[in-house]
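The lines below spell out each chain.
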Amino acid sequence: MGMRAYIIRRLLLLIPTIIGVTLLIFSVVQVLSPEQRAALYITSEQQADDIDEIIEKYHLRDPIYIQYFVWISQVLKGNLGFNQKSPRGQVLQNILNRAPATIELTVFAAPVIILTGIFFGVASAVHKDKLIDHVTRVTSIIGWSFPSFWLGILLLAIFYAALGWVGPGRLTADANVVVRSAQFTRYTGLNTIDGLLNGQLWITLDALKHLILPVVSLTVQSVALIVRVMRSSMLEALTKGYVVSARAKGLGQREVINKHARRNALIPVVTLAGMLSAGLLTGVVITETIFNIPGLGSYAAHMALPPPDIAGVLGFTLFTGVLFIIVNLIVDVAYAYIDPRIRLG
Amino acid sequence: MGITIIAFFTVIALLSQVFAPVPEGHEDPFRIPRFGWFSEPQPPSPEHLFGTAQWQYDIYYGCIWGTRTAFRIGIIVVAGNLLIGLVVGTLGGYYGGLIDELVMRITDIVWAFPGLLLAMAFVSVMGPSLDSIVLALILVGWPSYARVIRSEILRVKQEDYVEAAKAIGCSDLRVIFKHILINSIYPIVIMASLDTGAVVLSAAALSFLGLGPPPGYADWGQMISLSRGFIYKNPVDPLGYWFTWTYPGIFIFTFVLGWNLLGDAFRDILDPTLRRR
Amino acid sequence: MEKTMESRDLLNVKDLFVNFYTYAGVVEAIDGVNLLLKKGETLGLVGETGCGKSVTSLSILGLVPPPGTIEKGAILLNMGDKVINLLKQDDSALMKIRGKDVSMVFQDPRGALNPVYTVTQQVGEALLLHKREEMCKRLLQKLERDIPKSNTFRRFIYNCEKKIYERMINNPKSLPLRLLSRIPIINTYQRRLRNESKKEVIQLLKLMKIADPERVVDMYPHELSGGMAQRVVTAIALSCSPRLLLADEPTTNLDVTIQAQILLLIKELKEKMKSSILYVTHDLGVIAEICDRVAVMYAGNIVEVADTFTIFKKPSHPYTQDLLQAIPRPGKEFKSIRGEVPALIDPPKGCRYHPRCSKVMPICTQIKPEVAEIEKEHSVMCHLYKR
C-alpha cells in the first residue's frame, strides 16, 4: 500500500476524532450559564462589560446545535475567548506566548527520557538477572510510585534549599533582566537557542542549568514505563530465530543485539510514544508549577484554580487535545515506517 | 511485600479513630483540627507527632485520616471505572457490529485526551472538591478498562465453550457473566490494582494544584500543597520545614508503592508467559 | 596439539559431550558423539526429535544456547592449509569462520529472517561481512577505469571514493571510516558498495532458482512464500561458498511439493559448489534421496554409521532396524517402536536404547557399548557386535 496511502488514510481518520473532541469539550461547557460562557467569545477588555450583547451576538441562549456551530466558527477564526485572570488577554495569544517555555522543556526532556529508557531496557534484558537488571527494575518501580510533585519538591529542597545550586524558574535574575531588555532579540522564545543566536553564551548555559532539575523530574515519572516495555520486548526478540541466524553468519553478539534484536524490540516501544507524550503533557503541568516555569502547564494550572477562567481552561484543553491527536498521528506513521508489516499488510 | 504495605494502610484507615482521636466538638473528622492560628509551621513535638503545617493543622492527624481519604478515592474511582468500562466494553465486544463501532468511537474520543488534563477541565467546571475529583477521574479513566474488557471478550468469545453455552440456550446475560467474564478476570485484576495506585497519585496531583478539597482537609495531596511555600526556611536552617512535606509524601509514596507491588505480584502469578524460570 | 586428519576429510567430531544445566537438573544432551565427514560428501544425521541432532550442528558453529555447555571433545575442521579445533577457538576467530567456511540453513525459514530488513539487506549482510575486500577491490578497478573518462568534478569525487575504498580494504575498522559512514549525506559512497552487493545477491537468487529475483530482493520476509523464504535462507548460507554446509531440517516445515523442489535444488548445488553437507533430518525418505552416508542418532549417541545403501539394506543396530520397520509401507506390517524417547535428565544406564530394544541383553543395562566397525565404513554401537 505504501507510506503515502497510509498517511492519507490516517489523516482522514483524524477529522472525525477532532470533531468528536470538540463535541466533548463543548458539552462540558454547557453545564455553565450563558453569562459564564460568554467569556469564550469576547476578544478584548471592552467587550467584557457588555455581557448581554455578547450573549445575543453569539446566540448563547439558543438551541445547542446552533451554539455549537457558532462556537466552532469562532474557534476556526482563532477566537478562543478572553482570559480574565492574569495574564489578561486573548486566550490564543496567551497560549502562544507561553508555548515556548514548554517546548523548550519538552524538547530537552523527551530525548533524555527515550534514550535513558531504551538504554536501561536493553541493558536490563541483555544482562538479565544480573545486578543491573535488578537495580533497573527496582528503580523503575520506585520511580513509578513517586508522586511527581513530591519529587519536584524534594529536588528543590535538596538542590535549592540545602545546596543552593540552582533555583526555580527559567533563568537567574540577572539573566532575566538581559533577556527582557531591548538589546536581546527573542527569535524563538527558547532561552537556550536565543542565547546562542544573540551571542550570549552564558544565557544559554544559565537556561540549561535551570533545565536540569525539571528535566530530571519529568524523566523519573515517564521513564519507568519505557524501561519495562523495552525490557520485555527485548527479551522476546532475543529468543527469536533470526538472532541465531545472524550469529551463524558470523556477526558478533553485540552487533546482533544492536542491529537485529533492538530494531525489532523497538516496535512495541514506539506505540508507547503516544502514551509517553500524554505523560509528558500532564507531567509538564505539575513540573512547571513547582519550578515556576511560565509555560503552558502552569498556565493551565492557574486557569483551573477557583474561580476557574473558563476560556482559559477550555482553550487549553482544546489546544492540547488537538496537539495530542496530531502527535499520535505522527507516532502511527513512525510505527508504519519502522515495521514494514504494518504498511504492507 | 505489597500485601504487607496495603495491610498496614488498611489497618490505619480502619482504625483512624484509634490512632488519631477526634477532639471534642469537632463535627467532620476529615477536617484536620487546628491548634492555633500561627501561619508558621511548627516542628514535631510530643503533642503533634509530625508537627503542624501552615496555620497549625496537625500533620500526623492529617496523614492518618488521609489514609481513609486515599482508600475512598482509590476504591470509588476504580469501581466506577470498572463499572462503566464493563458496560461499555461488554456491549461493544459481545454484540459487535455497529454497536461496537459506536462504542469504540466514543472510547477513542475520551481516550484521545491526556487523562489528567481532561480531569482538570472537568474539575474546574464543576468546582473543586473531593467529589469532583472523584467524578472527574471516573469520567476520564474508564476507556482503558473498556478496551481491555472488550478485547478479552473478543478473545474469549471465540472459544468453543461459549458456542456450547449458546447452543444449550443460555440467555445472553448468563453467557456473559458465567463464562466470559470469569475467564477475562485476570488482566482486569492486574489493571485494577495497578490503577488504584495511579488514581491516588492523580488525585493527589489534582489536590496539590488546588483543585481538590479545601485547605485543612485530610488529604495527602492537599497537605503537600500547603507546604509549598515552606521548602526553604532560612540560610541557617534551610530544610527547617522538612516535616511539612516529608511525612505526607512518604505516605503517598508507600501507599502507591504497595499497590504497584501488589499489581506486579498479581501479574507474575497470573501471566504464565512472563515466567522465565 | 591438533590430532592429525587425513586430507580427504573435512570435519572430524571427536568425543563430543554437551550438557544443559537447567533448573530441573543436568540434561546430558550429547553423550560422546563421533562423526567423520569427508570432502564433497553429504552425510545425513537422522534421528527422532529430541535426540540431539540440532545441538550437534549448533556445536560445530559454537552457537549452543545457554544453559548449554560443551563439556569436552574436539571438532576438527580441515581448512585446506591447516587443521583447527573449532572448540578451542575464541569468539573472534569463530566469527570469521561462521558464514564463510561453515554455514547453516535453518529449519524455520521465516523465523530465521529478520522481519524488518529486506532480502537484499539480509543476504548482503553475509556477503559484506566476509567478502568485503574482494568487492572493494573490484569497485576500485571500476573506478580506475572510469576516472580518466570523466570531467574534473567527477574525478574529484571518484578519487575520494577510491581513497575510502582503499581504506576499507586496508584498515576496515578505522575510526574516521566508521564516523563517515554515519553521516547521512556523505555516506552515499556506500551506495556503490551496496549496489555491488545487490547485484551479487540477485545472482545468488538466480542460482537458487527464484523467479524474478530483481523484484524479490526488495521484498520483506513476510511477503515471501515458505519455499521462497527457504531459498533465501539457503542463499545466505551459500553466499560465501562455504566448505561445510549444515542443513538443519531445512524442508521439514514446507509442503511436500516444495520440499521436493528444495531437495532437487540442494542436489544440484551440491554438484556445482562442491560443498560438503551435514544434513540433519528425521525423514528417512530425504536421507535416501540425497545422502551419501548416514549416521543414525539416538538420545545423544551415534548408534550406527554407514553409506546409505547399506543402512537401508543391512541395518545392524536394533534402533535402525526398528526405525526402518516403522515406516508405513503398503503391504508390509506396520510396527511402531514401543516406549518413548527418554528424558535426558536421567538417561537410562548403559546403552540408552535398552528400555525399548527388542534384543536387549543384561549387559546392555549396565555398560555403555563401544563402537565396533563391522565392515568397511560401517560402524555400530551395540553389544551385539564385538570388535
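Structural notes, computed from the coordinates.

Calculation notes
Residues numbered from 1 in each chain as written. Chains lettered and ligands numbered in written order. Predicted model: local features only at pLDDT ≥ 70, side-chain atom pairs only at ≥ 80, totals over all residues. Helix = DSSP H or I, 4+ residues; strand = E, 2+ residues; numbered from the N terminus. Buried ≥ 20, exposed ≤ 12 C-beta atoms within 10 Å, placed from the backbone. Contact = placed C-beta atoms within 7 Å. Nonpolar A, V, L, I, M, F, W, Y, C, P; charged D, E, K, R; others polar. Core = buried A, V, L, I, M, F, W, Y, C linked by C-beta atoms within 7 Å. Pairing = 2+ DSSP bridges. Axes fitted to C-alpha atoms, helices over the stretch in contact; angles between N-to-C directions.

### Regarding the overall build of chain B
Part 1: A count of helices and strands for chain B gives 10 helices and zero strands.
Part 2: Starting at the N terminus and ending at the C terminus, chain B contains elements arranged as α-α-α-α-α-α-α-α-α-α.
Part 3: The proportion of buried residues among the 277 residues of chain B is 48%.
Part 4: Within chain B, contacts between residues separated by at least 24 positions form 66% of all contacts whose residues are at least 6 apart in sequence.

### Let's talk about the interface of chain B and chain A
Accessible area lost during the coming together of the parts is what is often quoted as the interface size.
Part 1: With 37 residues of chain B at the contact, the number on the chain A side is 40 residues.
Part 2: Taken together, the elements giving at least two residues each to the side of chain B that touches chain A come down to helix H4 (97-111), helix H5 (115-126), helix H8 (172-208) and helix H10 (242-270) of chain B.
Part 3: Of the residues forming the side of chain B that touches chain A, the biggest block, nine residues, is contributed by H5(B).
Part 4: Of the residues that constitute the side of chain B that touches chain A, the class distribution is 29 nonpolar, six polar and two charged.

### A look at helix H13 (residues 296-304) of chain A
One turn of the α-helix equals 3.6 residues, which is why residues spaced by three or four share an orientation.
Part 1: By the criterion of burial, H13(A) is predominantly enclosed, with nine of the nine residues buried.
Part 2: Those residues of H13(A) that sit buried are A:Leu296, A:Gly297, A:Ser298, A:Tyr299, A:Ala300, A:Ala301, A:His302, A:Met303 and A:Ala304.

### With respect to the nonpolar core
Part 1: Among the nonpolar cores identified, the biggest contains 214 residues, and A:Ala300, B:Ala119, B:Met120, B:Leu137, C:Leu278 and C:Val303 are the most heavily contacted of them.
Part 2: The dominant element in this core, judged by the number of residues it contributes, is helix H12 (residues 253-291) of chain A, at 16 residues.
Part 3: Setting aside residues up to four positions removed in sequence, C:Val303 forms contacts with C:Val296, C:Met297, C:Tyr298, C:His317, C:Tyr319, C:Thr320, C:Tyr353, C:Val380, C:Met381 and C:Cys382.
Part 4: Counting five residues, the second-largest nonpolar core is a separate cluster that includes C:Met135, C:Cys136, C:Ile164 and C:Tyr165.

### A few points about the sheet that holds strand E4 (residues 68-78) of chain C
Residue and element names in this part refer to chain C.
Part 1: Ordered in space as E2-E1-E4-E5, the four strands form an open sheet in which the pairing is antiparallel. In this open sheet, the two strands that pair with only one neighbour each are strand E2 (25-38) and strand E5 (83-85). Each strand of the sheet is rotated relative to its neighbour by a mean of 5 degrees, with strand direction disregarded.
Part 2: Relative to E5, E4 runs antiparallel, the two being bridged by three bridges. Pairing of Asn-78 across the sheet is with Val-83, part of E5.

### Description of unusual backbone geometry
All names here are of chain C.
Part 1: Not every positive phi belongs to a glycine, and Lys-209 is a case in point at roughly 60 degrees.
Part 2: With respect to the element layout, Lys-209 can be found in the loop between helix H8 (189-207) and helix H9 (213-216).
Part 3: Looking at Lys-209, the number of C-beta atoms within 10 Å reads 14, which means it is partly exposed.
Part 4: One non-glycine residue, Asp-212, lies in positive phi territory at about 55 degrees.
Part 5: Judged by C-beta crowding, with 9 C-beta atoms within 10 Å, Asp-212 ranks as exposed.

### Concerning the sheet that holds strand E6 (residues 102-105) of chain C
All names here are of chain C.
Part 1: Taken together, eight strands build an open sheet; the order of strands is E6-E7-E8-E3-E9-E10-E12-E11 and the sheet is mixed. Taken across any chain shown, the strands that pair with only one partner, and hence form the sheet edges, are E6 and strand E11 (371-375). With strand direction ignored, the average angle separating the axes of adjacent strands in the sheet is 20 degrees.

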